[in-house]
2 protein chains.
Amino acid sequence: METAVFEQELKERTALAEQTLRAHLPAEEGLQRRLTEAMNYSLLAGGKRLRPMLMKETYEMCGGEEGFCALGYFMAAIEMIHTYSLVHDDLPAMDNDRYRRGRETTWYVYGDAMGILAGDGLLNYAFETAAAALTACCRETEADQGQRMAHMERICEALSVLSRKAGIYGMIGGQAVDIMDSGSGQAAGQGQGAPSGEEAMERLLFIHEHKTAALIQAAMMTGAILAGAALEEVEQIEKCAYNIGIAFQIQDDVLDVTGDSRELGKPTGSDAENEKRTYVALRGLQQAKEEVERLSREAVDILDRFEGEHGFLKELILALIHRTR
Amino acid sequence: METAVFEQELKERTALAEQTLRAHLPAEEGLQRRLTEAMNYSLLAGGKRLRPMLMKETYEMCGGEEGFCALGYFMAAIEMIHTYSLVHDDLPAMDNDRYRRGRETTWYVYGDAMGILAGDGLLNYAFETAAAALTACCRETEADQGQRMAHMERICEALSVLSRKAGIYGMIGGQAVDIMDSGSGQAAGQGQGAPSGEEAMERLLFIHEHKTAALIQAAMMTGAILAGAALEEVEQIEKCAYNIGIAFQIQDDVLDVTGDSRELGKPTGSDAENEKRTYVALRGLQQAKEEVERLSREAVDILDRFEGEHGFLKELILALIHRTR
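Along each chain, numbering runs from 1 in the same order as the chain's sequence is written. Chains carry letters from A onward and ligands carry numbers from 1 onward, assigned in written order. With pLDDT at 70 or above as the cut-off, local features in this predicted model cover only qualifying residues; side-chain atom pairs require 80 or more to be listed or tallied, and sums for whole chains, interfaces and linings still use all residues. For the side-chain quantities, the full set of heavy atoms in the structure was used; hydrogens and water were omitted.

### A closer look at the interface of chain A and chain B
Think of interface size as the accessible area that goes away when the parts come together; that is how it is often given. For this analysis, residues touch if any pair of their heavy atoms sits within 4.5 Å. Listed per partner, the contact involves 65 residues of chain A and 65 residues of chain B. By buried area we mean the combined loss of accessible area, with a 1.4 Å probe, across both parts when two parts are placed together. Summing the contributions of chain A and of chain B, the shared interface buries around 5,600 Å²; its carbon and sulfur component is 70%. Contact with chain B buries area across many residues of chain A, yet A:Leu31, A:Met149 and A:Ile168 alone supply 13% of it, more than any other trio. The salt bridge definition used is simple: a Lys or Arg side-chain nitrogen within 4 Å of an Asp or Glu carboxyl oxygen. Between the two partners, chain A and chain B, sit two salt bridges. Here A:Arg148 makes a salt bridge to B:Glu153, at a shortest N to O gap of 2.6 Å. A 3.5 Å cut-off defines polar contacts: any pair of N or O atoms within that distance qualifies, except that in protein one atom must be a possible hydrogen donor and the other a possible acceptor, and neighbouring residues in sequence count only when both atoms are side-chain atoms. The tally of links between chain A and chain B comes to eight residue pairs in polar contact (both at pLDDT 80 or more). To qualify as a helix, a DSSP run of H or I must reach at least 4 residues; to qualify as a strand, a run of E must reach at least 2; elements of each kind are numbered from the N terminus. Residue assignment for the side of chain A that touches chain B shows that the elements contributing at least two residues are helix H2 (33-43), helix H4 (70-89), helix H5 (106-110), helix H6 (112-138), helix H7 (145-166), helix H8 (171-182) and helix H9 (197-226) of chain A.

Structure (structure tokens):
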């Protein structure tokens, strides 16, 4: 695919994901209006909409029917979960960030307490939105009972995967280990200091797998599940998404050493300065670059086993992994 | 029902709810172990298990079948949601409480950052647990397809109600308004000061309805829904639970004026001292007491329309509303 064609398609599909998200925003009304304003402020902060896009592309690759109502709900739900995790990450008690993507963070605009509640609201609303897919499916009057049952089972499975990958065995679990290792938080029992050697690598990969890869897995796996993919295919997708997530994070570490700070829009070399344990610090630059290559080659190999059209998905993944900013 | 009999039954049913909750705790293992420890520390802080108990009693009153697997999952899920709300409420950025029920609060033991993540983990795990009810139902091999479909539809409806009542149109919405009115949080846009007169009453009832009554509604409504109650019956239960929640809160205000501080285990008169807007402050003690009576009579009248056995449920509600501590 030519770069110009890819860029154009990326733009169109991002806009489509954005539109789906906007169709599921909570209304800014009632006495709790300021809360929903804070939630929508966070949701509309101009993300790449990567997770809903990956979900839709995987859905299509796996032969998902056009017009199955559940997809849109889940696309919105996963972006809400991703967003709440950023809102809570930015809190003073966590990373204490006042700006994200050049914009004031939610707590910095609405206050700490409302920042916590906006995050809670987004996480809860994500499941409310996914549950609405079930309700919509129950009302599918055109489908016969067998079809409806099959649709319901797909949605239930998707809900199960989404909640697991977002939770303590997924994203939240990764955040907890990251918090412990980075020593954030002031009170007792945290920041127990950095381990070294193989244990350090194990913890680093655990954090990358859970904090980053798990939600990419959730996106692609729910796309496949909603499309009716076989269990074995879903497992392949899970492996593919794991590779994407880990490669993405190692590339992040690589760019901090080799990247152009103007292109990145942030200073480079900060990891070394902060003595941050990264893949590059633990294994060296060369091995890090090779690992990114290996992981991405494997991810693409997995996709190539699928019969459905996935040219854009492949390009998207390669662009993500090999980005220079 | 005699007091001694009621007390004995209450003890037994609390133990049963506790046992159900313990069967659904997350395992304390893996690198994220400290996170699950913090979650279980919060969950096992010795609550009254009121919400799961109300759910089970309503389920039985509405003729729910014995052995329908979904009930236990939802009993555990609602207690996790209630618990996460306390964990986040206690955070320094919210109420800044170091003790609850004579025990150190979660953030005070595990640190701010882990307190936030433990709350997130509990909320997410609640939905993971409710989703597991769906998975279990999909595997009900004894039931024929029609029965399974009926069970699935009940669980979906219960999930929908639980997520709505816990969210921005329920509990979180109430917390947001409470935060705005009480002026918690230090940053811009919060604590806009107290309104007065009718507006103050409107806001007070909104907070009570959403922050307190919504989760009692969720408990009783999901109990009824899982039992297969008709829509009209579920609406009656919603009204009944509303009355219980509001009466409970007004009684709280009354006790702060009339209660015995030794019996309550906390000083009385603190509301007046803090110039807190309460039902008593806005309407006077006499009218507050009358409102508690009216609401509880109405709640019991609703229950009496149900054919199923509900002696204990009625006693429980009256004990809650008319408590002296």
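### Notes on the packing of helix H1 (residues 3-22) of chain A against helix H3 (residues 50-61) of chain A
Residues and elements named next belong to chain A. Note on definitions: angles span 0 to 180 degrees between N-to-C directions of axes, and those axes are lines fitted to C-alpha atoms, for helices only across the stretch in contact. Where H1 contacts H3, the axes come no closer than 9 Å and their chain directions differ by 105°. With respect to H3, the element H1 is oriented roughly perpendicular. Across the interface between the two elements, Leu 10, Arg 13, Thr 14, Leu 16 and Ala 17 of H1 pack against Pro 52, Met 53, Lys 56 and Glu 57 of H3. Three categories are distinguished: nonpolar for Ala, Val, Leu, Ile, Met, Phe, Trp, Tyr, Cys and Pro, charged for Asp, Glu, Lys and Arg, and polar for the others, with Gly belonging to the last. Looking at the contact of H1 with H3, its residues break down into five nonpolar, one polar and three charged. Angular relationships are summarised with four words: roughly parallel below 35 degrees, roughly antiparallel beyond 145, roughly perpendicular across 65 to 115, and oblique for the angles in between.

### Focus on unusual backbone geometry
All names here are of chain B. A positive phi angle is found at Asn 96, which is not glycine, with a value near 55°. As for its position among the elements, Asn 96 is in the loop between helix H4 (70-90) and strand E1 (99-100). Here's how the labels work: a residue is buried when its accessible area is under 20% of the maximum for its type, exposed when over 50%, partly exposed in between, all with a 1.4 Å probe on protein chains only. With a relative accessible area of 42%, Asn 96 lands in the partly exposed category.

### Focus: the nonpolar core
Nine residue types can take part in a nonpolar core, namely buried Ala, Val, Leu, Ile, Met, Phe, Trp, Tyr and Cys, and a core is a set of them joined through side-chain atoms within 4.5 Å. Counting 206 residues, the largest nonpolar core has A:Phe74, A:Ile81, B:Phe74 and B:Ile81 as the members making the most contacts within it. Not counting the four nearest positions on each side in its chain, B:Ile81 is found in contact with B:Leu123, B:Ala126, B:Phe127, B:Leu162, B:Ala166, B:Met171 and B:Leu215.

### Some details on the packing of aromatic side chains
In this scheme Phe, Tyr and Trp rings, the latter by its six-membered ring, pair at centre separations within 6.5 Å, and the angle between planes marks the pair as stacked below 30 degrees, edge-to-face above 60, and tilted otherwise. A complete count under the given rule lists nine aromatic pairs over all chains for this structure. An angle of 20° between the planes, with centres 4.8 Å apart, marks the rings of A:Phe127 and B:Phe127 as stacked. Within this pair, whereas A:Phe127 is found in helix H6, its partner B:Phe127 is found in helix H6 (residues 112-138), the two belonging to separate chains. Grouping aromatic residues by their ring pairs yields a cluster made of A:Tyr99, A:Trp107 and A:Tyr108. Residue placement shows A:Arg13 over the ring face of A:Phe312; its charged tip is 4.3 Å from the ring centre. Note on geometry: a ring has a charge over it if NZ (lysine) or CZ (arginine) is within 6 Å of the ring centre and within 35 degrees of the ring normal.

### Brief notes about the pattern of salt bridges
Residue and element names in this part refer to chain A. Here the structure, examined in full by the defined rule, presents 42 salt bridges over all chains. Linking Arg 154 and Glu 65 is a salt bridge whose minimum nitrogen-to-oxygen distance equals 3.1 Å. With Arg 154 in helix H7 and Glu 65 in the loop between H3 and H4, this residue pair connects regions lying 89 residues apart in the sequence. Overall, Arg 154 belongs to the partly exposed group, its relative accessible area being 21%.

### Thoughts on the relation of the copies chain A and chain B
Copies are brought into register by a least-squares superposition over C-alpha atoms of residues with pLDDT of at least 70 in both. Once chain A has been moved 0.0 Å along the axis and rotated by 180°, it coincides with chain B to within an RMSD of 0.0 Å. Overall, the copies show the geometry of a two-fold rotation axis. Most of the interface of chain A is mirrored in chain B, where 100% of its interface residues again form contacts.

### Brief notes about the confidence of the model for chain A
Residue and element names in this part refer to chain A. For every residue, the predictor reports its confidence as pLDDT, a number between 0 and 100. Per-residue confidence for chain A gives a mean pLDDT of 91, with 95% of residues at or over 70. For residues 185-192, every residue scores under 50 in pLDDT, and the model assigns this stretch 22 contacts once sequence neighbours within four places are set aside. Quick note on the complex model: pTM equals 0.94, ipTM equals 0.94.

### Looking at the side chain of A:His82
All names here are of chain A. Of note, His 82 is situated in helix H4. Given a relative accessible area of 13%, His 82 falls into the buried group. When residues no more than four places from it in sequence are discounted, the contact partners of His 82 are Arg 51 and Leu 215.

### Concerning empty space enclosed by the protein
A probe matching the size of a water molecule, rolled over the atoms, marks out where space remains unfilled. Cavities and pockets are found on a 1 Å grid laid over the protein atoms alone: a cavity is a set of points where a 1.4 Å probe fits but cannot escape, a pocket is an open set with protein on both sides within 12 Å along at least five of seven lines, and a lining residue has an atom within 4 Å of such a point. Grid points are joined across faces, edges and corners, and a volume is the space filled by probe spheres set on the points. Considering all chains together, one arrives at two cavities of 30 Å³ or more under this definition. Along the wall of the largest cavity there are 19 residues; nearest its centre are B:Ser42, B:Ala45, B:Leu86, B:Arg100 and B:Arg101. Of all the secondary structure elements, the ones that give two or more residues to the lining of the largest cavity are helix H2 (33-43), H4 and strand E2 (103-104) of chain B. With six residues, H4(B) is the single largest residue contributor to the lining of the largest cavity. When its residues are assigned to classes, the lining of the largest cavity shows five nonpolar, seven polar and seven charged. Estimates place the volume of the second largest cavity at around 30 Å³. Lining the second largest cavity, in full, are A:Ala17, A:Thr20, A:Leu21, A:Arg49, A:Pro52, A:Met75, A:Ala76 and A:Glu79. Breaking the lining of the second largest cavity down by element, the ones donating at least two residues are H1 and H4 of chain A.

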